[in-house]
Amino acid sequence: MLKRCCVQVSLCCLIAQSTGRGYNVTQRTIGMKQHLCRQSLEIELFSRMKKSVLLHQIANIVGKENLLEQLEDRCSYGYDASRLKGIPDFVVFPADVHQVAQLVKLANREHLAVYPRGAGSGMVGAAVPGSGGMVICINRLNRILEIDPDNMLAVVQPGVVTGQLQKELLDYGLFYPPDPASLQFSTIGGNVAMCAGGPRAVKYGVTRDYVLGLEAVLPTGRIIRTGTRTVKGVVGYDLTRLLVGSEGTLGIFTRIVLRVVPAPETTRTLLAVFPRLEDAARTVSEIIKQRIIPSTLELMDQASIRAVENHLHMGLPTEAEALLLIEADGREVLVREDMVRINQICRESGASETETAHTESDRERLWQARRALSPALGRIRPGKINEDVTVPRTEIPALIRATRRIAEKYELIIVCFGHAGDGNIHTNIMLDKKNRDELQRAEKAVEELFRTVLALGGTLSGEHGIGIAKSPFFRWEIEDAAFDTMWTIKRALDPLNIMNPGKMFVSDRAFFR
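Conventions we followed
Residues numbered from 1 in each chain as written. Predicted model: local features only at pLDDT ≥ 70, side-chain atom pairs only at ≥ 80, totals over all residues. Heavy atoms only, no water. Patch = residues over 30% accessible without salt bridge, like charges linked within 9 Å, V, L, I, M, F, W, Y side chains within 5 Å. Areas by Shrake-Rupley, 256 points an atom, 1.4 Å probe, with all protein chains shown as cover. Salt bridge = Lys/Arg side-chain N within 4 Å of Asp/Glu carboxyl O. Lys, Arg positive; Asp, Glu negative; His and termini not counted. Charge placed at Lys NZ, Arg CZ, Asp CG, Glu CD. Helix = DSSP H or I, 4+ residues; strand = E, 2+ residues; numbered from the N terminus. Pairing = 2+ DSSP bridges. Axes fitted to C-alpha atoms, helices over the stretch in contact; angles between N-to-C directions. Contact = heavy atoms within 4.5 Å. Buried < 20%, exposed > 50% of the residue type's maximum accessible area, 1.4 Å probe, protein only. Arc of directions from axis to C-beta. Phe/Tyr/Trp six-rings, centres within 6.5 Å; stacked < 30°, edge-to-face > 60°. Lys NZ or Arg CZ within 6 Å of the ring centre and 35° of its normal. Core = buried A, V, L, I, M, F, W, Y, C linked by side-chain atoms within 4.5 Å. 1 Å grid on protein atoms, 1.4 Å probe; cavity = no way out; pocket = protein on both sides within 12 Å on 5 of 7 lines; lining within 4 Å. Points joined across faces, edges and corners; volume = space filled by probe spheres on them. Nonpolar A, V, L, I, M, F, W, Y, C, P; charged D, E, K, R; others polar. Left-handed = near helix turned anticlockwise from the far one by under 90°.

J.: Would you mind going over a positive patch on the surface with me for this structure?
T.: On the surface, Arg 83, Lys 85, Lys 384 and Lys 433 cluster together into a patch of positive charge. Turning to its location among the elements, Lys 433 is positioned in the loop between strand 18 (424-431) and helix 15 (436-455).

Below, the structure written as structure tokens:
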């Protein structure tokens, strides 16, 4: 800094001399540059001193071994699955609720932004830090504290991996239904923060339907406990529901009480091929109208089918407009009856072919196409914009027809698949983000897709949330009075706006840049 300022001062002298300016002008210029140089040095030194003091204070709370300060380490905690990036000043790993509270209180005193982080598997940049601030990782809070089979509940810390909890519960004959695609590495805390869903939502609901109570650190550093250990509980405002899905903007979870259910006795799977997309969508509604609620009802459109076939060469019917992958679970005798009826409904509704899995290996084979979608899409284009729009089930054909028109209009490849049973269709716009023209066309396509979804009575996000990626469109769906109410709650709980700032409420098109 000093060397740079000296060079600037010397350059000023030369300019003044070469232009014939007088001594006084030159002296004033040099004086001004020297003053700015001293000021810059003072600011830099103060910033370094302040950071050094903060490092010492944070280390006193969590231990030096649980604090990352090197640039390469901090960069590793600056992104999520959205591929948006930021670099925090500090990355911290607290061990308990009291350390989290102390860190948040310190952040309040120093006006330091706080960014809660689970596994970083989110799709919308909700865990991505802004410029500077402190990332608080909950990885060390990773214990299953209690499994109560009699009352059918589990108490966990937020760093527990979702798949790990599901596996542990099976030993007790219990079942935690929410099953996001990232369940093998995403954490319960992150799932609760984003209200994660998954294929089983059609029958079992989403994460918020299983959270009975929470322990959380509010943005002021105050510890709050909400909810109950009982299924019923109506005392006061439902603060648990307020915090679930708040995307890390209202607090950091440190303990979660979950409702669990008996594990199903058996699961059966059926694959149905449809020459016409409209028939597949009509089948979805018809199955549910017949009072059958499958545990999974997945749809793949023709672009999805062709992408997987080009990737695996497994003999998928590429001329078909849609595939339905349907599962039913529960007691053996009832599931068997349901699958017979589902097969009949599919045939009567226009399916050209159906196949039922009779063994676990058969089931895995039927699921192979659906699970191969992500790597298959990577062969089409190096990148994608994965939108998780949701419409009423009856509007699925209109949504997919609209995406075809949008794809043609903007000369893009758009692939649709997802959870047809609840109308949650993953609309993947394939692109190369290094191609600026293609990225601009994709941005326009997203805007047109969102307008279409809202016109069909749908919502912009069924699973992923808002974060940064969808923030420019948040107010397209949320009316002014609702937005103002949300912002009032945010400011009441977070008066300094330090808890995950720059998310949801602030329109940011960084995702398209």
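From this point, things continue past the structure.
J.: Would you explain the sheet that holds strand 9 (residues 223-227) in this entry?
T.: Think of a sheet as strands paired side by side through backbone hydrogen bonds, with each pair either parallel or antiparallel. Taken in spatial order, the 5 strands make up an open sheet running 5-6-10-8-9, and their pairing is antiparallel. The sheet is open, and its two borders are formed by strand 5 (144-148) and strand 9, each paired with just one other strand. Going from strand to strand, the sheet's axes swing by 10° on average, the running direction of each strand aside. One ladder, built from 5 bridges, connects strand 8 (residues 211-217) with strand 9; its direction is antiparallel. From the neighbouring strand, Val 217 faces strand 9, where its bridge partner is Ile 223. Each of strand 8, strand 9 and strand 10 (252-259) is contacted by helix 4 (residues 97-110), which is oriented at about 50° to strand 8, the strand it contacts most. Docked against the sheet, helix 5 (residues 162-170) engages strand 5, strand 6 (153-156) and strand 10, running at close to 35° with respect to strand 5.

J.: Got a minute to help me understand helix 5 in this structure?
T.: Turn by turn, an α-helix covers 3.6 residues, leaving residues three or four places apart pointing in a common direction. Of the residues making up helix 5, those classed as buried are Thr 162, Gly 163, Leu 165, Gln 166 and Leu 169. Buried residues of helix 5 fall within an arc of 160° about the axis and therefore sit on the same side. Against the buried residues of helix 5 lie strand 5, strand 6, strand 7 (174-175), helix 6 (188-194) and strand 10.

J.: What's the story with the pattern of salt bridges in this structure? I'm lost.
T.: A side chain with one charge may pair with a side chain of the opposite charge, provided their charged atoms come close. By the definition in use, this model includes 29 salt bridges. Of the charged contacts in the structure, one is a salt bridge between Glu 298 and Arg 370, with a shortest N-O distance of 2.9 Å. With Glu 298 in strand 13 (residues 296-301) and Arg 370 in helix 12 (residues 360-371), this residue pair connects regions lying 72 residues apart in the sequence. Arg 370 matches Glu 298 in its accessibility class, with the two residues each being buried. The partner of Glu 438 in a salt bridge is Arg 381, with the nearest N and O atoms 2.7 Å apart. Taken together, the residues Glu 438 in helix 15 and Arg 381 in the loop between helix 13 (373-377) and strand 16 (383-387) connect sequence positions 57 residues apart. Among the charged side chains, a network of salt bridges with common partners joins Arg 276, Glu 278, Asp 279, Arg 282 and Arg 401.

J.: Mind showing me how you'd approach the packing of aromatic side chains here?
T.: Ring pairs (aromatic) are described by centroid distance and by the angle formed between their planes. The tally for this structure, following the rule as stated, stands at 11 aromatic pairs. Note on Tyr 77 and Phe 93: the rings are 5.5 Å apart at their centroids and 80° apart in plane angle, and the pair reads as edge-to-face. Separated by 16 residues along the polypeptide, Tyr 77 in the loop between helix 3 (71-76) and strand 2 (90-92) and Phe 93 in the loop between strand 2 and helix 4 bring together distant segments of the chain. We classify Tyr 77 as partly exposed; its relative accessible area is 21%. When its relative accessible area of 11% is taken as the criterion, Phe 93 is described as buried. Plain terms: the ring middles of Phe 473 and Trp 476 are 5.0 Å apart, the flat faces sit at 75° to each other, and that makes the pair edge-to-face. Feature note: the residues Phe 450, Phe 473, Trp 476, Phe 511 and Phe 512 constitute an aromatic cluster, connected by ring pairs. Taking NZ or CZ as reference, Lys 433 lies 4.0 Å from the ring centre of Phe 511, over its face.

J.: Mind showing me how you'd approach the nonpolar core here?
T.: As a rule of thumb, nonpolar side chains are buried together in soluble globular proteins. Phe 274, Leu 324, Ile 326, Cys 346, Ile 385, Leu 399 and Ile 429 are the most contacted members of the largest nonpolar core, which has 56 residues in total. Counting residues per element, this core draws most heavily on helix 15, which supplies 7 residues. Setting aside chain neighbours within four positions, we find Ile 326 in contact with Arg 268, Thr 269, Leu 270, Ile 287, Pro 294, Thr 296, Leu 297, Met 339, Ile 342 and Cys 346. If you look at the next biggest cluster of nonpolar residues, it comprises 30 residues, including Ile 147, Tyr 204, Ile 224 and Val 260.

J.: Explain the layout of surface pockets to me, please; I cannot follow it from the model alone.
T.: One water molecule sets the probe size; rolling that probe over the atoms shows where empty space is left. In this structure, the second largest pocket occupies an estimated 910 Å³ of space. The wall of the second largest pocket is formed by 33 residues, among which Cys 195, Arg 208, Gly 245, Glu 247 and Ser 461 lie closest to the centre. Residue classes in the lining of the second largest pocket are distributed as 15 nonpolar, 12 polar and 6 charged.

J.: I would appreciate a short explanation of the packing of helix 9 (residues 277-289) against helix 11 (residues 332-348) in the present structure.
T.: Two packed helices can be described by the angle between their axes and the distance between those axes. It is at 10 Å that the axes of helix 9 and helix 11 come closest, and there the two elements cross at 140°. In this structure, the crossing between helix 9 and helix 11 has a hand that is right-handed. Contacts from Thr 283, Glu 286 and Ile 287 in helix 9 reach Ile 342, Ile 345 and Cys 346 in helix 11. Taken together, the residues of the contact of helix 9 with helix 11 break down into 4 nonpolar, 1 polar and 1 charged.

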